[in-house]
Amino acid sequence: GSTAGMTEEEKEAMRKQMGEEMAEKMAENERMMAEMSKSWEDKLKEAHDAKGEDGASAAADNARKAKESHILNIHEDPMLSRAVCYFFPPGKSTTFGNRAHGGGEDILLGGASIRTQHCKIESEDGGTALTLSVRSDEKCKVVLNGKEVSGEGLPVKHNDRLVIGSKDYFVVVNPLEAGDEPEGGWPEVDWDFFLREIAKEQGLDMDVNWASMTEEEKRRALLNDELVQVMPRVTEANDLSSEMGRGIKFETKITPVMSRTEGMISVVMVKVHNTNTNMMFLWDKAKFINRVYLMREQYEKFTAGEIDLAALQPEEDPFWDPNEPTNVGQSTVFLKPLAYCMKVEDDYPIYYETNQEGIMKVKIEPCRPDGTVIAEEEDGPYDDVEDPKDLLGKRLDLCIQVNHARGVNKAFSSEVYVEFELTRCANPNSDDGAFRTVVISGTSNPTFNYKQQVTWEKVDDVVLNFLQAGNAYFQVWGLQDDGDKSGKPSSKKKMLTAAEIQELQANLKKAEETRDKNSDTLTKIQELTISAASRSEVSEHYVNNVADALADVGWDIEALMQSATIAGEGAAQKVATPAPAEEGGGASAAEVEEAKAHTEAALAEAEQAKAQAEAANTALSAEKSAGDAAKGKVAELETKIADMQAAAAAGSGQADVVGELQKELATAQADKESLRAELASQQEAAEALKAKEQGWAEEKAMLEAKAATPAPPAPAPAPAPAATPDGGASDAKVQEMEKKLADCEKDKVAMKDKTTKLQGELDLARAEAKNAAKGSKGCLVM
């Protein structure tokens, strides 16, 4: 930067700072040059030395593993298993504790349920025997081979499984016992082995034979596998909650849920009970496992004093869940009567898991396309349906009514509604295709009076099978009241009706369209402004474009100008009109100051209004100027056209008129030559016909003379006179020639008419050519 205006002291300080920076850069460059100047052998030697140290340490550890007892970690990620090793030196006692509040223990572990002096392992008899001791005065959790243990002197053998706390899993390795393999060898211990062993101790059947199992037994076995994955984490989550005083309890359970592809199925869920608010939630397996990782992170920060749980925002708390509708039961409606176009109606029981929680009144019956119900005595569109297959290819309309529900779980009665889905019949007003009743608040016995028409335009095999063998599941959803006992208002989200949701969606779409339009307008105005700024001018064209852009998004430019003008005139009049004097003397100083302030404000308002009016007037003037210019251009064009017409009528020598006339003359001359050629051709044909006619006349005369010569007498005795062959032929020939002469006369008359017509056309073409050459006054050039 420039040093103008700086004092000598400031300049000296700047020079000093720059010198220090240069010195630091020079030192860094020298270090880099020295590093680069090292030979390849030097770098290789350093790498070998570093590797030698690590190699020596690894070799020493391997030597210890070959003769000393130790434990190796087991992790759910196989790449991380057996990566951590803790040794048990012979003749010594090795203690375990919590790294967050250690008490001098040999091995410090993290996580919940780890206490001070949690447990210890002693290596006795020269390391050939290991014993485990667990404190019993505090709840120190230790699991040995799937069983939770406590007490003193518990024997620990090679390949035993050890869990300390909630999440630290180890396998015991005793090299002095490893040679005594059992029949079949030592089992391979991994993460899955641990979980199955623990689950088996808790009562789950882990010994399965897939080949001999039924489909239902296989589904149950798969559920057990999911439970195996969840149960240890549920234990850990409960320990974390207890350690941090969260008041949340977790419990695994198998819950029936509705699957769109498989119908009703059973899945493993985790029940979450907030003992502070007595609210309950259900988390699926994936959500729960993800939350456990976040709980571990929160616990680490809690033990390190890095987090204040009281100030934690709900969205940042892995133990928190928003209050949302929960499935609290369902009714199953059998649809087979509908395949025969018969109605189904009943008070259906509401089941939650295996317990009946209440009843639901549901009615489904065929209806007409307009939604009217078909009475039994009336004719309807389904009278010809005697077999379900008769529905194939036909339209089917159903009227579904959900009248009420009774006995809904009171804890979830804050807001209640019913939801259902039908195969290949989605609700067009719902994102997920489900149908929902209105929401009823504050009662365990809601009355919905819900009615909905559903339509299959063409029943196919899938729909028919759904009606014949399927069920419709009407699920009851309820919202808990999360208001606490201190009187604080409930933080639950208000559920909206279907109409309210549709209105919100329409408003949102309209708002998005308006936003996009305004954004496009703003971009256009920005481009216009940048363009005008680059030319250092704000032209009328620019103002017009801005006004058009604003008008496109709904701004009334003329009304805006009128308002600005009126406001400016009103403000000016307000300033110009003096206030009436009060009776009883002059105004005080305070009143004068107040009046002055009002006057200045009015003046400012008038100036602002005046500026707005001027800007609006400028835009109008620009638009008016553009209109006047366009009108002037139209008038100019009209004048030019009139001049050209006048010039053409007067036979002026304008190039465009002459060119048009020359083109017409050339066309007329070409037509004239064409007519001459055709006339000559017709004359030649007439001469040929005339010569032919003369030949026929001569031949006729000769035949007539021959026919007049008498035939020689016939010799006697002749039995009968015979016709003269030559005489008969001559008569026929004469008749033929007479006919030809008659035809020739006809052709002659036709040729004469055609020649007359051609001569008239030739005369007309000559007249037109003559007029074109002179420049006819009747020719209008446009």
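Just so you know, these numbers come straight off a predicted model, no measurement behind them.

Definitions and cut-offs
Residues numbered from 1 in each chain as written. Predicted model: local features only at pLDDT ≥ 70, side-chain atom pairs only at ≥ 80, totals over all residues. Heavy atoms only, no water. Helix = DSSP H or I, 4+ residues; strand = E, 2+ residues; numbered from the N terminus. Buried < 20%, exposed > 50% of the residue type's maximum accessible area, 1.4 Å probe, protein only. Contact = heavy atoms within 4.5 Å. Areas by Shrake-Rupley, 256 points an atom, 1.4 Å probe, with all protein chains shown as cover. Pairing = 2+ DSSP bridges. Axes fitted to C-alpha atoms, helices over the stretch in contact; angles between N-to-C directions. Core = buried A, V, L, I, M, F, W, Y, C linked by side-chain atoms within 4.5 Å. Salt bridge = Lys/Arg side-chain N within 4 Å of Asp/Glu carboxyl O. Phe/Tyr/Trp six-rings, centres within 6.5 Å; stacked < 30°, edge-to-face > 60°. Lys NZ or Arg CZ within 6 Å of the ring centre and 35° of its normal. Disulfide = S-S within 2.5 Å. Parallel < 35°, antiparallel > 145°, perpendicular 65-115°, else oblique. Nonpolar A, V, L, I, M, F, W, Y, C, P; charged D, E, K, R; others polar. Expected span 1.5 Å × (residues − 1). Polar contact = N/O pair within 3.5 Å; in protein donor to acceptor, adjacent residues only side chain to side chain. Left-handed = near helix turned anticlockwise from the far one by under 90°. Arc of directions from axis to C-beta.

1. What about the overall build of the protein?
Alright, step 1. Along the protein, the regular secondary structure elements total 13 helices and 23 strands.
Alright, step 2. The buried share of the protein, taken over its 782 residues, is 30%.
Alright, step 3. Within the protein, residue pairs in contact and separated by at least 24 positions form 61% of the contacts whose partners lie at least 6 positions apart.
Alright, step 4. On the protein, roughly 48,900 Å² of surface is accessible, and the fraction owed to carbon and sulfur atoms is 53%.

2. Some thoughts on the sheet that holds strand E3 (residues 93-98)
Alright, step 1. A sheet is described by the order of its strands in space; here 5 strands give the open sequence E4-E3-E5-E6-E9, paired in mixed fashion. The open sheet has two edge strands, strand E4 (107-109) and strand E9 (151-156), and neither has a second partner. When the angles between neighbouring strand axes are averaged without regard to direction, this sheet yields 25 degrees.
Alright, step 2. Inspection of the sheet shows E3 paired to E4 by 3 bridges, in the parallel sense. When the sheet's bridge partners are listed, phenylalanine 96 is paired in E4 with isoleucine 107.

3. Here we look at the pairing of strand E16 (residues 344-352)
Alright, step 1. Across 9 bridges, E16 lies against strand E17 (residues 355-366) in antiparallel orientation. Looking across to E17, one finds that aspartate 347 is bridged to lysine 361.
Alright, step 2. A loop of 2 residues connects E16 with E17, the two strands running antiparallel in sequence, and glutamate 353 in this loop sits at a positive phi of about 60 degrees.

4. Describing the side chain of aspartate 168
Alright, step 1. With respect to the helices and strands, aspartate 168 occurs in strand E11 (residues 168-173).
Alright, step 2. With residues near it in sequence (within four places) discarded, aspartate 168 still touches Leu109, Gly110, Ile114, Leu162 and Val163.

5. Thoughts on the environment of proline 322
Alright, step 1. Tracing the sequence through the fold places proline 322 in the loop between helix H5 (285-303) and strand E15 (326-334).
Alright, step 2. A C-alpha to C-alpha distance of 9.8 Å links proline 322 and aspartate 482, two positions 160 residues apart in sequence.

6. Description of the nonpolar core
The nonpolar side chains of a soluble globular protein tend to be buried, and buried together.
Alright, step 1. Grouped together as the largest cluster of nonpolar side chains are 40 residues, with contacts concentrated most on Val333, Ile364, Leu422, Trp456 and Phe474.
Alright, step 2. When residues of this core are assigned to their parent elements, the largest contribution, 5 residues, is made by strand E18 (residues 396-406).

7. As for the pattern of salt bridges
Alright, step 1. Within this structure, the stated rule accounts for 25 salt bridges.
Alright, step 2. Here arginine 395 ties to glutamate 457 by a salt bridge, and the two come within 3.6 Å at their closest N and O atoms. You can see arginine 395 sitting in the loop between E17 and E18 and its partner glutamate 457 sitting in the loop between strand E22 (447-456) and helix H7 (461-469), a full 62 residues away along the chain.
Alright, step 3. On the accessibility criterion, arginine 395 (33% relative accessible area) is partly exposed.
Alright, step 4. The class for glutamate 457 is exposed, based on a relative accessible area of 57%.

8. Comments concerning the sheet that holds strand E1 (residues 69-73)
Alright, step 1. Taken in spatial order, the 6 strands make up an open sheet running E2-E1-E11-E10-E7-E8, and their pairing is antiparallel. Edge strands, defined here as strands with exactly one partner in the open sheet, are strand E2 (85-88) and strand E8 (147-148).
Alright, step 2. Bridge count for strand E7 (residues 142-144) against E8 is 2 bridges, and the pairing is antiparallel. Within E8, the residue paired with leucine 144 across the bridge is lysine 147.

9. Observations regarding the packing of aromatic side chains
Alright, step 1. Inspection of the entire model under this criterion finds 9 aromatic pairs.
Alright, step 2. Between phenylalanine 420 and tyrosine 450, the aromatic rings sit 6.2 Å apart at their centres with planes inclined by 75 degrees, giving edge-to-face as the arrangement. Placement of the pair is phenylalanine 420 in strand E19 (residues 415-420) and tyrosine 450 in strand E22, with a sequence separation of 30 residues. There is no split in this pair, since phenylalanine 420 and tyrosine 450 are both buried.
Alright, step 3. Judged by centre distance (4.7 Å) and plane angle (35 degrees), the rings of phenylalanine 420 and phenylalanine 474 are tilted. In this pair, phenylalanine 420 sits in strand E19 while phenylalanine 474 sits in strand E23 (residues 471-479), placing the two residues 54 residues apart along the sequence. Of the two residues examined, phenylalanine 420 and phenylalanine 474, each falls in the buried class.
Alright, step 4. These aromatic residues form a ring-pair network of at least three members: Phe250, Trp283, Phe288 and Phe319.
Alright, step 5. In this arrangement the basic side chain of arginine 64 is found over the ring face of phenylalanine 87, its NZ or CZ atom lying 4.0 Å from the centre.
Alright, step 6. One Lys or Arg, arginine 291, reaches over the ring of tryptophan 283 and ends 4.7 Å from the middle of that ring.

10. Overview of the state of the cysteines
Alright, step 1. For the coordinates displayed, the defined rule picks out 0 disulfides.
Alright, step 2. Summary of cysteine pairing: cysteine 119 is not part of a disulfide, and the nearest cysteine sulfur, belonging to cysteine 140, is at 7.9 Å.
Alright, step 3. By relative accessible area, cysteine 119 is classed as buried at 3%.
Alright, step 4. Between cysteine 367, a cysteine without a disulfide, and cysteine 399, which holds the nearest cysteine sulfur, the sulfur-to-sulfur distance is 5.5 Å.

11. A short note on the packing of helix H3 (residues 191-201) against helix H4 (residues 215-243)
Alright, step 1. Where H3 contacts H4, the two axes come as close as 9 Å, and the packing angle between them is 90 degrees. Relative to H4, the element H3 is oriented roughly perpendicular. The residues of H4 that touch H3, namely those facing Trp191, Asp192, Leu195, Arg196 and Ala199, are Asp225, Val228, Gln229, Pro232 and Arg233.
Alright, step 2. Residue composition of the contact of H3 with H4, grouped by class: 5 nonpolar, 1 polar and 4 charged.

12. Considerations on H5
Alright, step 1. Between its first and last C-alpha atoms H5 spans 27 Å; for 19 residues at 1.5 Å apiece the expected length is 27 Å, and the two agree.
Alright, step 2. All of the buried residues in H5 are Phe288, Ile289, Arg291, Val292, Met295, Gln298 and Tyr299.
Alright, step 3. Two to three positions downstream of the cap, the backbone nitrogen of alanine 286 sits 3.3 Å from a side-chain oxygen, assigning the N-cap of H5 to aspartate 284.
Alright, step 4. Glycine 305 sits one or two residues past H5 and shows a positive phi near 70 degrees.

13. Re unusual backbone geometry
Alright, step 1. Positive phi, normally seen in glycine, also occurs at arginine 424, with a value near 55 degrees.
Alright, step 2. Looking at the element boundaries, arginine 424 is found in the loop between E19 and strand E20 (435-436).

14. Looking at the packing of H4 against H5
Alright, step 1. Close contact between H4 and H5 brings their axes to 10 Å; oriented N to C, the two are set at 30 degrees. Taken together, the axis directions place H4 and H5 in an arrangement best described as roughly parallel. H4 and H5 meet at a crossing whose hand is left-handed. Every residue of H5 that contacts H4 at Glu226, Val230, Arg233, Val234, Glu236, Ala237, Leu240 and Glu243 is listed here: Lys285, Phe288, Ile289, Val292, Tyr293, Met295, Arg296, Tyr299 and Phe302.
Alright, step 2. For the contact of H4 with H5, the per-class residue count stands at 11 nonpolar, no polar and 6 charged.

15. A short note on the environment of tyrosine 473
Alright, step 1. One can find tyrosine 473 in strand E23.
Alright, step 2. At a separation of 3.5 Å, a polar atom in the side chain of tyrosine 473 contacts the side chain of asparagine 471.

16. Focus on H7
Alright, step 1. Of the residues making up H7, those classed as buried are Val463, Leu464, Phe466 and Leu467. Down the axis, H7 shows its buried residues gathered within 155 degrees of arc, on one side only. Those residues of H7 that are exposed and aimed more than 90 degrees away from the buried face are Asp461 and Ala469.
Alright, step 2. Between the side-chain oxygen at the start of H7 and the backbone nitrogen of valine 462 there is a gap of 3.3 Å, and the oxygen is on aspartate 460.

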